[in-house]
Number of protein chains: 2
Amino acid sequence: MKNKLLVAIFAILTTSGFCFAQTNQPAIIEDFKPSTCNQPGQEYPKVNSQGYARFRVVAPQAQSIVVSLGLGGAKGGTPLTKADDGSWMGTTAGPMDEGFHYYHLTIDGGVFNDPGALNFYGSTRWESGIEIPAHDKDFYALKDVPHGNVQQILFPSKSTNTSRRAFVYTPAGYDKNAKTKYPVLYLQHGWGEDETAWSVQGHANLIMDNLIAEGKIKPFIIVMTYGMTNDTKPGGIRSFNYNAFQTVLVDELIPYVDANFRTIAAKDSRAMAGLSMGGMETHSITLARPEVFSYYALLSGGTYTPAEIKDKSQAKLIFMSCGSRENPDGVKKAAVDLKAAGYNAVSFVSENTAHEFLTWRRSLKELAPLLFK
Amino acid sequence: MKNKLLVAIFAILTTSGFCFAQTNQPAIIEDFKPSTCNQPGQEYPKVNSQGYARFRVVAPQAQSIVVSLGLGGAKGGTPLTKADDGSWMGTTAGPMDEGFHYYHLTIDGGVFNDPGALNFYGSTRWESGIEIPAHDKDFYALKDVPHGNVQQILFPSKSTNTSRRAFVYTPAGYDKNAKTKYPVLYLQHGWGEDETAWSVQGHANLIMDNLIAEGKIKPFIIVMTYGMTNDTKPGGIRSFNYNAFQTVLVDELIPYVDANFRTIAAKDSRAMAGLSMGGMETHSITLARPEVFSYYALLSGGTYTPAEIKDKSQAKLIFMSCGSRENPDGVKKAAVDLKAAGYNAVSFVSENTAHEFLTWRRSLKELAPLLFK
């Protein structure tokens, strides 16, 4: 089962590009603005109101530059052409999906990042990122509301003989409300990403700040750590084994967080969620250690079946989501089957998104109000 | 005075390269290991026990690749040569200084980062970084000691009409010792860097963790924020004006930190330090607002004169440092002059380092035990 899921996720990662139809594209509107993921002061890459992206790279003596949008190469990517001033420019062949996309440049046969864009850890390397403004971007916008903090912790890990890094979101007021204790969501990144993903490209902290400010959820803590514990050579998803990570998470990180933060250290106040490969980990670990978590969530990370769960009282919530360009019918059917078997199961489909971060930002927004009821 | 300092700092930034003599270099010992700043799983760049650095970049159709080590281009940098397998390789012409160096690649006339190395914000952009292991690297090593946390805060700033980011180091035990209050060091980055610098390439958190674990200092908090507040087009150091930053720091950030962390909110428990341009800011702001800080520190960031300080009781400590390859005599003389005038002044010179981060890591290690006495 595990291996099937791994191969399925790997297949998605290596084949899914962006869905832009190759014909009948609308005329390009010349209202391009710098991407919100650009480095300070950089004009390119730019994005227009339709979702087209335009790139400009300076390398006067280069022979060829291609923008390889996202995993799988987006059907060959976007070739840039050289202008008289030595710069290379090009525009995507059509509008891209809303949300965040990883990409890189292929320059003269080598893989480099776009000097105009910020880097984000994905595909087991720091990649360039671009943001196509989403129509619903307000829910993860930086607003004038009380803000929680995201802190880097270094926790001791005997099983891996080192201090390991995690990021902990504590909601606004955590430091002032010195007697309040909080539930905790353990939230995992996907294959090739790391513990920075959810609070950088995921905007998990801003999603939480906004939901709390609107009174839509009660505050809780989120903990994010690196999930490919035994992956000494990044990229080895086919040989990935979740046992090393399970030990770090359940036997080392959770006790450390419970000892060092004001948590409600009980199964009923603990959730685990993960995207893609992090969903696979969530699936495996929640089933293997049913005494630890009460809330389970798989974001583009597979499904549960009633037969897998030993005891109906084991899970208070089973949340499964994906983008509409992934396998929405599978996710919906799994929720129907679980509900029919008496489980509190919820499915969510993110419209017009694929195996990318807008799907997961939206999933977190939908999941958060359902937790710790 | 301010403009002179700015020009001096700018001159250092744009002309100082790495000091490797061009003649009589020792024979290269083939014990190269991956740099500790490499991306996960990447073999190159590599560094040997003598301090030589070796680079390898894959770009089969490129015309030329030059590694431009650090600000000022290191006397033309290190050209790479093409091998039969399409990769480009090269080794520095001599051993480099110990410590951390920013660099980038020039590929076919364009500036890109090395795909093998992690990126660090310097020179107003995310640059590649490489680490030459220092003989005294132990003081900033990740050890099995209690670790403090580094947390990202978003604080409201009316003067700039946004939520601004800062990083706050809280020492180990901060969350458990719920009644302890702590002094605070406000610690600034240099020109072209940002609020990430001190806790990433600076290892400020590890330096503090180790000093505290060894009983060499009493725990205190460190706050790091972006210092080029009015710099809408990154790089404009000549037109830089510290007033906008002074407002953010003194009138917005300090009150926020005092309200949201367990600080001792008093002048005698507040220090300001900065490196390079951050030293210039420290110099200006400590003099302009003498009621705010009692401890002043300039790290490769100029000096104070007795005449500038209005009142001898104003500063409990004046710390000035630089690398031995900078202006050590100026720093030493300033301390002598201040001492002669009755001030508690201390100078520190980092041996065999230039205007780079090993100078500043060492400076923080020397400064910390002198604070809040």
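These numbers were taken from a predicted model, which means no experiment stands behind them.

Cut-offs used in this document
- Residues numbered from 1 in each chain as written.
- Chains lettered and ligands numbered in written order.
- Predicted model: local features only at pLDDT ≥ 70, side-chain atom pairs only at ≥ 80, totals over all residues.
- Heavy atoms only, no water.
- Least-squares fit on C-alpha atoms with pLDDT ≥ 70 in both.
- Contact = heavy atoms within 4.5 Å.
- Buried area = accessible area lost by both parts, 1.4 Å probe.
- Salt bridge = Lys/Arg side-chain N within 4 Å of Asp/Glu carboxyl O.
- Polar contact = N/O pair within 3.5 Å; in protein donor to acceptor, adjacent residues only side chain to side chain.
- Helix = DSSP H or I, 4+ residues; strand = E, 2+ residues; numbered from the N terminus.
- Pairing = 2+ DSSP bridges.
- Buried < 20%, exposed > 50% of the residue type's maximum accessible area, 1.4 Å probe, protein only.
- Axes fitted to C-alpha atoms, helices over the stretch in contact; angles between N-to-C directions.
- Left-handed = near helix turned anticlockwise from the far one by under 90°.
- Nonpolar A, V, L, I, M, F, W, Y, C, P; charged D, E, K, R; others polar.
- Phe/Tyr/Trp six-rings, centres within 6.5 Å; stacked < 30°, edge-to-face > 60°.
- Lys NZ or Arg CZ within 6 Å of the ring centre and 35° of its normal.
- Expected span 1.5 Å × (residues − 1).
- Bend = angle between axes of the 7 residues up to and from the residue.

S.K.: Is there a simple way to explain the relation of the copies chain B and chain A in this structure?
M.R.: Think of it as a corkscrew move, a rotation about one axis and a shift along it, taking one chain copy to the other. For the pair chain B and chain A, the relating rotation is 180°, the translation along its axis is 0.0 Å, and the fit reaches an RMSD of 0.0 Å. Interpreted geometrically, this transformation is the action of a two-fold axis. Of every C-alpha in chain B, the one belonging to Gln151 of chain B sits nearest the axis of rotation, 1.7 Å from it.

S.K.: How should the interface of chain B and chain A be read in this particular structure?
M.R.: A common way to express how large an interface is: the accessible area buried when the components associate. Contacts between the two partners involve 47 residues from chain B, matched on the other side by 47 residues from chain A. Summed over both partners, the interface of chain B with chain A buries about 3500 Å², with 52% contributed by carbon and sulfur atoms. On inspection of chain B and its partner chain A, the count reaches zero salt bridges. One can count 11 residue pairs in polar contact (both at pLDDT 80 or more) joining chain B with chain A. Broken down by element, the side of chain B that touches chain A gets its largest block of residues, six residues, from strand β12 (residues 149–157) of chain B. Note that strand β12 (residues 149–157) of chain A and β12 of chain B share three bridges and pair antiparallel. In the sheet register, Val150 of chain A faces β12 of chain B, and the bridge partner there is Gln152 of chain B.

S.K.: Would you explain the sheet that holds strand β6 (residues 81–82) of chain B in this entry?
M.R.: Sheets are built from strands paired through backbone hydrogen bonds, the pairs being either parallel or antiparallel. Residues and elements named next belong to chain B. If you walk across this open sheet you meet the five strands as β1-β2-β3-β7-β6, and the pairing is antiparallel. Each having just a single partner strand, β1 (33–34) and β6 make up the two edges of the open sheet. Here β1 runs beside strand β2 (residues 46–47); their pairing, made up of two bridges, is antiparallel. Pairing of Pro34 across the sheet is with Lys46, part of β2.

S.K.: What is the right way to read the environment of Asp251 of chain B from this model?
M.R.: Residues and elements named next belong to chain B. On the secondary structure map, Asp251 appears in helix α3 (residues 243–260). Of the residues examined, Asp251 reaches a relative accessible area of 41% and is grouped as partly exposed. The spacing of Asp251 and Lys158 is 93 residues in sequence and 9.7 Å in space, taken between C-alpha atoms. Asp251 has contacts with Gln246 and Arg289, leaving out every residue within four places of it along the chain. Side chain to side chain, Asp251 and Arg289 meet in a polar contact 3.4 Å long.

S.K.: Explanation requested: the packing of helix α2 (residues 204–213) of chain A against helix α6 (residues 357–367) of chain A in the structure shown.
M.R.: Packed helices, taken two at a time, are described by their axes: the angle between them and the distance between them. Residue and element names in this part refer to chain A. With their axes 10 Å apart at the nearest point, α2 and α6 run at an angle of 35° to one another. Here α2 and α6 pass one another in a crossing that is right-handed. Between α2 and α6, the contacting residues are Ala204, Ile207 and Leu211 on the first element and Arg361, Leu364 and Lys365 on the second. The residue makeup of the contact of α2 with α6, split by class, is four nonpolar, no polar and two charged.

S.K.: Explain unusual backbone geometry here, please?
M.R.: Note on backbone geometry: most residues besides glycine have negative phi, and most peptide bonds are trans. Residue and element names in this part refer to chain A. That bond from Tyr44 to Pro45 is cis: its omega, 0°, falls within 30 degrees of zero. Among the structural elements, Pro45 can be located in the loop between β1 (33–34) and β2 (46–47). At Ser276, a residue that is not glycine, the phi angle is positive and equals roughly 50°. Topologically, Ser276 is positioned in the loop between β16 (270–275) and α4 (277–288). In this structure Ser276 comes out as buried when scored by relative accessible area, which is 2%.

S.K.: Even after reading the chapter, I still don't get the environment of Asp194 of chain A, so can you show me in this structure?
M.R.: Residues and elements named next belong to chain A. Note that Asp194 resides in the loop between β14 (184–188) and α2. By relative accessible area, which is 7% here, Asp194 ends up buried. With 32 residues separating them in the primary sequence, Asp194 and Tyr226 have C-alpha atoms 5.2 Å apart. Every residue in contact with Asp194, bar those within four places of it in the chain, is listed here: Tyr121, Trp126, Arg165, His189 and Tyr226. A distance of 2.5 Å separates a polar atom in the side chain of Asp194 from a polar atom in the side chain of Thr196.

S.K.: How should the packing of α3 of chain B against helix α4 (residues 277–288) of chain B be read in this particular structure?
M.R.: Residues and elements named next belong to chain B. For the pair α3 and α4, the least separation of the axes is 11 Å and the interaxial angle reads 65°. Judged by the twist between their axes, the crossing of α3 over α4 is right-handed. Counting all contacts with α3, which are made through Phe245, Gln246, Leu249 and Val250, the residues of α4 involved are Glu281, Ile285 and Ala288. Of the residues assigned to the contact of α3 with α4, the class counts are five nonpolar, one polar and one charged.

S.K.: Which parts of the structure should I look at to understand the pairing of strand β11 (residues 125–132) of chain B?
M.R.: Side-chain direction in a regular strand flips from residue to residue, so the side chains alternate between the two faces of the sheet. All names here are of chain B. Taking burial as the measure, the eight residues of β11 include seven buried ones, the bulk of the element. Two strands pair when backbone bridges link them, and strand β8 (residues 99–107) and β11 are joined in this way by five bridges, in the antiparallel orientation. In the sheet register, Tyr103 faces β11, and the bridge partner there is Ser128. Connecting the antiparallel pair strand β10 (residues 119–122) and β11 is a turn made up of two residues, with Ser123 showing a positive phi of about 60°.

S.K.: What is the right way to read the packing of aromatic side chains from this model?
M.R.: Here the distance between the centres and the angle between the planes together describe a pair of aromatic rings. Scanning all chains against the criterion turns up 29 aromatic pairs over all chains. Plain terms: the ring middles of Tyr296 of chain A and Tyr304 of chain A are 5.3 Å apart, the flat faces sit at 35° to each other, and that makes the pair tilted. Of the two residues, Tyr296 of chain A and Tyr304 of chain A, both sit in the buried class. Taking the centre distance of 6.1 Å and the plane angle of 70° together, the rings of Tyr186 of chain B and Phe293 of chain B count as edge-to-face. Here Tyr186 of chain B, found in strand β14 (residues 184–188), pairs with Phe293 of chain B, found in the loop between α4 and β17 (295–299); they are 107 residues apart in sequence, far enough to count as distant. The class of Tyr186 of chain B is buried, set by a relative accessible area of 1%. Here a set of aromatic residues connected by ring pairs shows up, and it is made of Phe100, Tyr102 and Phe120 of chain A. Over the ring of Tyr174 of chain A we find Arg262 of chain A; its NZ or CZ atom is 4.2 Å from the centre of that ring. The ring of Tyr140 of chain B carries the charged tip of Arg361 of chain B above its face, separated from the ring centre by 4.4 Å.

S.K.: Which parts of the structure should I look at to understand α3 of chain B?
M.R.: Note: α-helices contain 3.6 residues per turn, so residues at a spacing of three or four share the same orientation. All names here are of chain B. Counted at 1.5 Å a residue, the expected span for α3 with its 18 residues is 26 Å, and the 25 Å between its end C-alpha atoms agrees. When the local axis directions of α3 are compared, the greatest deviation, roughly 35°, occurs at Leu253, which is followed within four positions by the proline Pro255. Restricting attention to buried positions, one finds in α3 the residues Phe245, Gln246, Val248, Leu249, Val250, Glu252, Leu253, Ile254, Tyr256, Val257 and Asn260. Contacts from the buried residues of α3 go to β12, β13 (162–170), β14, β15 (221–225), β16 (270–275) and α4.

S.K.: Got a minute to help me understand the side chain of His147 of chain B in this structure?
M.R.: The residue His147 of chain B is located in the loop between β11 and β12 in this model. At a separation of 3.2 Å, a polar atom in the side chain of His147 of chain B contacts the side chain of Ser163 of chain A. For His147 of chain B, the side chain forms a polar contact with the main-chain oxygen of Val145 of chain B, separated by 3.2 Å. Not counting residues within four places of it along the chain, the set of residues in contact with His147 of chain B comprises Leu154, Ser163 and Tyr256 of chain A together with Leu142, Ala172, Leu206 and Asp209 of chain B.

S.K.: Explain helix α6 (residues 357–367) of chain B to me, please; I cannot follow it from the model alone.
M.R.: Most of α6 of chain B is tucked away: nine of the 11 residues are buried. When α6 of chain B is considered as a whole, its buried residues turn out to be Phe357, Leu358, Thr359, Trp360, Arg361, Arg362, Ser363, Leu364 and Leu367 of chain B.

S.K.: I tried to follow the pairing of β16 of chain A on my own but got confused; where do I start?
M.R.: Residues and elements named next belong to chain A. Judged by how many residues are buried, β16 sits mostly within the fold: six of six residues are covered. Here β16 shows no split at all, with Arg270, Met272 and Gly274 on one side and Ala271, Ala273 and Leu275 on the other all buried. Taken together, the five bridges between β14 and β16 define a ladder with parallel strand orientation. Bridge pairing links Gln188 to Gly274 in β16. As defined by bridge partners, β16 adjoins strand β17 (residues 295–299) across five bridges and the pair is classed as parallel. Among the inter-strand pairings, Gly274 is bridged to a residue of β17, identified as Leu298.

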